[in-house]
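# Remarks on the overall topology
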Amino acid sequence: MEQGVSPAGTCAAGSQTHETRCEAEIPDLVLSSELDDFFENAAVGLHLVANDGTILRANRAELDMLGYSADEYIGRNIREFHADSTAIEDILSRLSRHERLQHYRARLRAKDGSVRWAEITSNVRAIGGRFLNTRCITIDVTEKVKTEELLLEQEQRLALTYDSAGTGIVETDAEGRLLRVNAHLCNLLGYTSEELVGRSIFDQTFPADVEADREQYRRQVAGEIKSYTMEKRFVRKDGSAFWTDMTSSSVYDSSGQFCYAVRVQHDISERKQIEAMLAQRAEEQAALHHFTERLQHARAQKDVYEPALDAIQRALGCQRASILLLDKEGVMKFVAWRNLSQAYRAAVEGHSPWSADSLDPRPICLEDAQKADLPAGLKEAIRTEGIGGVCFIPIMESGRLLGKFMAYFNQPHSCSVEQIEVARTIARQLGFGIEHLKAENAAHHLAAIVESSQDAIVSKDLNGIISTWNRGAERVFGYSAAEVIGKSITVIIPADRLDEEPLILRRIRNGELVDHFETVRQRKDGTLVDISLTISPVRDGKGRIIGASKIARDITEQKQAQAKLRESERHLQDLLAAIPAAIYTTDQQGKITYFNEAAVELAGRRPVIGSDEWCVTWKLYWPDGTPLPHDQCPMAVSLREGRPVRGYEAVAERPDGTRVPFIPYPTPMRDAHGKVIGGINMLVDVSERKQAETQQRILLDELNHRVKNNMMMLKSLLSVSARTSRSPEARRTLDEASKRVATMAAAQRVLYDTGDATNFSAQPFLGAVCETAKQMFPPDIKLVCEADPIQLPNDVAMPLALIVNELLINAVKYGLNGNTSRTIHVDIRRNGHGNVLVVEDEGPGFDLSSVRQSSSGLRLVEGLARQIGGTFEAQRDPCRCMVTFSHTPEGLGDATRRIEA
């Protein structure tokens, strides 16, 4: 500052003007001195830098901060003291552009080698736009930076801990909006932090838990409570839910006002699953215990089924259940069910994943019934019933399959190993209950049978001492039970037959069965009775023979009946011998057991009893001369199929070569139980009838020929009338009548061409009718006519031919829509016990109810269908017209099937 002061005495030696100027400069000098003092002694570092970076001036605070002397610092380039060249170049560049710097943070090198953090505030001093120097304030912020770094490190550590915590943590504002969410909760929910922040804490809460949580949080925000804990469920992004143990704690500001809440969620899903599993196990055990207890009191089937259904639904948690058992034919039948429709039961009854003889059937669980590999019909029935999942559990007893029970779930359901084991336990208890009840009922039933039996049923030990004696024994032998129990069985054996008892007891000790041994026993009154004995060994639980069970049947009446039967058979043979028709009988294998003399006369030979089979004749032929093997003759068919056979004709050839046409009447003979034991056949000679039929055929052919000529003449007259008529309507009517007559003529031709006077074959009939119709259609129309080998009675021929004709005309007129190059199909097929005529074209079809009144042809078809006892219906897309009728020659169809067999 001294360089700016004038030398001493200068002012005094000057003029007055000069004195005045010097006095004016005194305040400026004082101000300059104060500024220099402020610069030098400022509490913060100050320095001036030239535009090239040379340090022009620095105060004591800056020199002390860095540890340099004025000579070591002033006059050197500022770049030398910056630790980051990039930072100082940025500073100088920005200042050169006259920018102002505010708290620019940079690192400076101290003399001792340390690095100090400083915040630099600087601007440029310029005159007339010329850069003079920069004015810089340097504040040492090293400790502040260290503190900031420490805080940052702590915050980063805290954030890392927050995000790495093994529990879900969130911060929420007073409205419940999420301010911060850690990674663990994001992973639990399946959302990113960005997707969750800003949303309500209740958005992902399970709906049933929202209200309770919302009320507690309201109290917390209001300051009524500082924190609360509750178990609640969250819903993940994929829709699944999980349980948490949630604690919500308040964070307050310095004034005690609510700032935000920290909510910590611990995933307790596994604990809940374990609790649910334990509860389920307890419920299962309770269900099994209750089921077992109720089985002990079961007296009827419903006493087993109802507790079983209760146990199934309670233990497995299913909404529906059923029990099915194998019947005598090995078919699964419903015996009990819960909440199943009749339509569903009808659709699935009989279905079983195991055969009746399965040795080790395993439970089958269909987690998703609609994805299971099941027949389409069964799957549709399950879908209609609203069943999501289903389990099939076999019911076993002593290694034998009794049936199954089924558990139904409304939604797809996966059964655990524990549930399967519980289900098998229920099935075992159910099987035991069913069989135990059956055994008890069987025992009661057997006791009732024994007691009410008309046969004498007696048990005795190996010494012949009587143990039991039923009412049948009292009736047969006259002794009461009290009179004979404890006594020897010899009390009822006549003296001349006492040697039978030791032989019987010896066989019983050897484990043999004495079956239907006919003998004589003595009643209490001394009279004798014919009996049939069946004696079986009685064994204890270890299989040792401890006695015998004896059934004695009074066969006195049987003996008398046998004598009468022999007498009756003798009378029957005398009667059969007197009948003029050939009659013979066979056993069930077809061996000849009897024949009368008329059979010898018809066969021209004497059959060999017990050797000849099926028929008494030498050789057999069909009426057309085709050989008929004896094992395919009517008698063989009757015995094989167990039914009378009618409607056959055959030809017998005698050994001398002559042939006799005959009609057989084989009929099976049965015993009292309905079992076929043989057959009887009567052969009626029809030689004279055949001659009469031949003459009748000649007359019929002549009649058919005349009818054919008359029909052709009528057709010609109608055709001529149609061509010559001037009325379009008359021509159309006459033309349709001509076509119908032609159709009737074609049918008539088939009738008189057949060899049968009462029936005709559908195949040639349909071919003739279609061929006649085709001649009246455009040449490009293709008719495909097919028929099963069906025999039909003559009285349906004309109505059926007219129906075919009308439906073909309808197909050509309306079904082809002017396109004459299409195909029409005509079929006559068997349909169950009836037949169906189908005419199908490629047109869209029609609604029969809407066109019936405007179409005389279709009304004619309906009338003709009723005439033959049938029905007419039409289907659309494509057009199908169907006439279903049931006319079949009685007996002939069966005969045809037998011949084919």
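Scoring rules and cut-offs
Residues numbered from 1 in each chain as written. Predicted model: local features only at pLDDT ≥ 70, side-chain atom pairs only at ≥ 80, totals over all residues. Heavy atoms only, no water. Buried < 20%, exposed > 50% of the residue type's maximum accessible area, 1.4 Å probe, protein only. Helix = DSSP H or I, 4+ residues; strand = E, 2+ residues; numbered from the N terminus. Expected span 1.5 Å × (residues − 1). Pairing = 2+ DSSP bridges. Axes fitted to C-alpha atoms, helices over the stretch in contact; angles between N-to-C directions. Contact = heavy atoms within 4.5 Å. Disulfide = S-S within 2.5 Å. Phe/Tyr/Trp six-rings, centres within 6.5 Å; stacked < 30°, edge-to-face > 60°. Lys NZ or Arg CZ within 6 Å of the ring centre and 35° of its normal. Core = buried A, V, L, I, M, F, W, Y, C linked by side-chain atoms within 4.5 Å. Parallel < 35°, antiparallel > 145°, perpendicular 65-115°, else oblique. Left-handed = near helix turned anticlockwise from the far one by under 90°. Nonpolar A, V, L, I, M, F, W, Y, C, P; charged D, E, K, R; others polar. Salt bridge = Lys/Arg side-chain N within 4 Å of Asp/Glu carboxyl O.

Of all the 8 residues making up helix H20 (residues 634–641), 6 are buried; the element is thus mostly covered by neighbouring parts of the structure. Taken residue by residue, H20 has Pro634, Met635, Ala636, Val637, Ser638 and Leu639 as its buried positions. Looking one or two residues past H20, glycine 642 carries a phi angle of roughly 65°, positive in sign.

Here we take up unusual backbone geometry. In this structure, proline 878 follows aspartate 877 across a cis peptide bond, with omega equal to -5°. Structurally, proline 878 is set in the loop between strand E33 (871–875) and strand E34 (880–885). With phi around 55°, serine 398 is a residue other than glycine that occupies positive phi space. As for its placement among the helices and strands, serine 398 is situated in the loop between strand E14 (389–397) and strand E15 (400–409). The backbone phi angle of histidine 516 is positive, close to 50°, even though this residue is not glycine. Secondary-structure assignment places histidine 516 in strand E18 (residues 514–522). By relative accessible area, which is 56% here, histidine 516 ends up exposed.

Taking 1.5 Å of rise per residue, the 19 residues of helix H24 (residues 797–815) would be expected to cover 27 Å, and the 25 Å separating its terminal C-alpha atoms lies within 8% of that figure. Extensive coverage of H24 is indicated by the burial of 17 of its 19 residues.

Turning next to the sheet that holds strand E32 (residues 834–840). Note: strands within a sheet are paired through backbone hydrogen bonds, in either parallel or antiparallel orientation. Strands sit in the order E29-E31-E32-E34-E33 across an open sheet of 5 strands; the sheet is mixed. The two strands at the open ends of the sheet, each matched to only one other strand, are strand E29 (782–787) and E33. Averaged over all neighbouring strand pairs, the angle between strand axes comes to 15°, with direction disregarded. In terms of strand pairing, E33 meets E34 through 5 bridges, oriented antiparallel. Counted as the bridge partner of threonine 871 is threonine 884 from E34. Against the sheet, helix H23 (residues 762–774) engages E29 and strand E31 (823–831), with an angle of about 165° to E29. Taken strand by strand, helix H26 (residues 856–867) contacts E33 and E34, and its axis lies near 140° from that of E33.

Another point: the state of the cysteines. Applying the stated criterion across every chain, the model contains 1 disulfide. Note on cysteine connectivity: cysteine 770 is disulfide-linked to cysteine 785, with sulfurs 2.5 Å apart. Here the disulfide of cysteine 770 and cysteine 785 is left-handed, its torsion about the S-S bond being about -110°. Here cysteine 770 is found in helix H23, whereas its partner cysteine 785 is found in strand E29, with 15 residues between them in sequence. Cysteine 633 forms no disulfide, and the closest cysteine sulfur to it belongs to cysteine 615, at a distance of 5.5 Å. On the basis of relative accessible area, cysteine 633 is assigned to the buried category, the value being 1%.

To continue, consider the pairing of strand E24 (residues 650–653). Of the two faces of E24, the one holding Ala650 and Ala652 and the one holding Val651 and Glu653 are both buried throughout. With 3 bridges connecting them, strand E23 (residues 619–621) and E24 associate as antiparallel partners. When the bridges of E24 are listed, leucine 620 appears paired with alanine 652. Looking at chain direction, E24 and strand E25 (residues 659–664) are connected through 4 bridges and run antiparallel. Within E25, the residue paired with alanine 652 across the bridge is valine 660. Turn length for the E24-E25 hairpin, with the two strands adjacent in sequence and antiparallel, is 5 residues, and the turn residue glycine 657 shows positive phi of about 95°.

With that settled, consider the packing of aromatic side chains. A complete count under the given rule lists 10 aromatic pairs for this structure. With a centroid separation of 5.8 Å and 45° between ring planes, the pair formed by tryptophan 469 and phenylalanine 477 is classed as tilted. Under the relative-accessibility criterion, tryptophan 469 is labelled buried at 7%. Ring plane angle 25° and centroid distance 5.7 Å describe the contact between tryptophan 622 and tyrosine 648, whose orientation is recorded as stacked. Taken together, the residues tryptophan 622 in the loop between E23 and H20 and tyrosine 648 in the loop between H20 and E24 connect sequence positions 26 residues apart. Directly above the aromatic system of tyrosine 191 lies the positively charged group of arginine 199, at a separation of 5.4 Å from the ring centroid. The ring of tryptophan 243 has lysine 272 lying over it, and the distance from NZ or CZ to the ring centre is 4.2 Å.

This part is about the nonpolar core. Among the nonpolar cores identified, the biggest contains 42 residues, and Leu808, Ile824, Val826, Phe872 and Val883 are the most heavily contacted of them. Taken together, the elements giving at least two residues each to this core come down to H23, E29, H24, E31, E32, H26 and E34. Among the elements that take part in this core, H24 stands out by supplying 11 residues, more than any other. If we skip the residues at most four places from it in the chain, valine 826 touches Leu766, Cys770, Val784, Cys785, Glu786, Val804, Leu808, Leu837, Val838 and Val839.

Running from amino to carboxyl end, H24 crosses H26 at an angle of 155°, the nearest separation of the two axes being 9 Å. One way to sum up the angle between H24 and H26 is to call them roughly antiparallel. At the point where H24 passes H26, the crossing takes the left-handed sense. For the pair H24 and H26, the contacting residues are Pro799, Leu802, Ile803, Glu806 and Leu807 in the first and Gly857, Leu860, Val861, Leu864, Ala865 and Gln867 in the second. When the residues that make up the contact of H24 with H26 are grouped by side-chain class, the tally is 8 nonpolar, 2 polar and 1 charged.

What follows deals with the sheet that holds strand E1 (residues 45–49). In spatial order, the strands read E2-E1-E5-E4-E3; together these 5 strands make up an open sheet with antiparallel pairing. Edge positions in the open sheet fall to strand E2 (55–58) and strand E3 (101–109), since each of these has one partner strand only. Strand-to-strand, the axes of this sheet are offset by a mean angle of 30°, without reference to chain direction. Across 7 bridges, the pairing between E3 and strand E4 (residues 115–127) is antiparallel. Residue pairing across strands places arginine 107 opposite tryptophan 117, the latter belonging to E4. Across the sheet, helix H5 (residues 85–96) lies against E3, E4 and strand E5 (130–140), angled at about 145° from E3, the strand it touches most.

All chains considered together, the criterion is met by 57 salt bridges. For the salt bridge of arginine 605 with aspartate 612, the shortest nitrogen-to-oxygen distance reads 2.8 Å. You'll find arginine 605 and aspartate 612 in the same group, each marked buried. The partner of arginine 829 in a salt bridge is aspartate 827, and the shortest N-O contact between them spans 4.0 Å. Connected through shared salt-bridge partners, Asp90, Arg94, Arg97 and Glu99 make up one network.

Any functional reading would require information beyond the geometric quantities listed.
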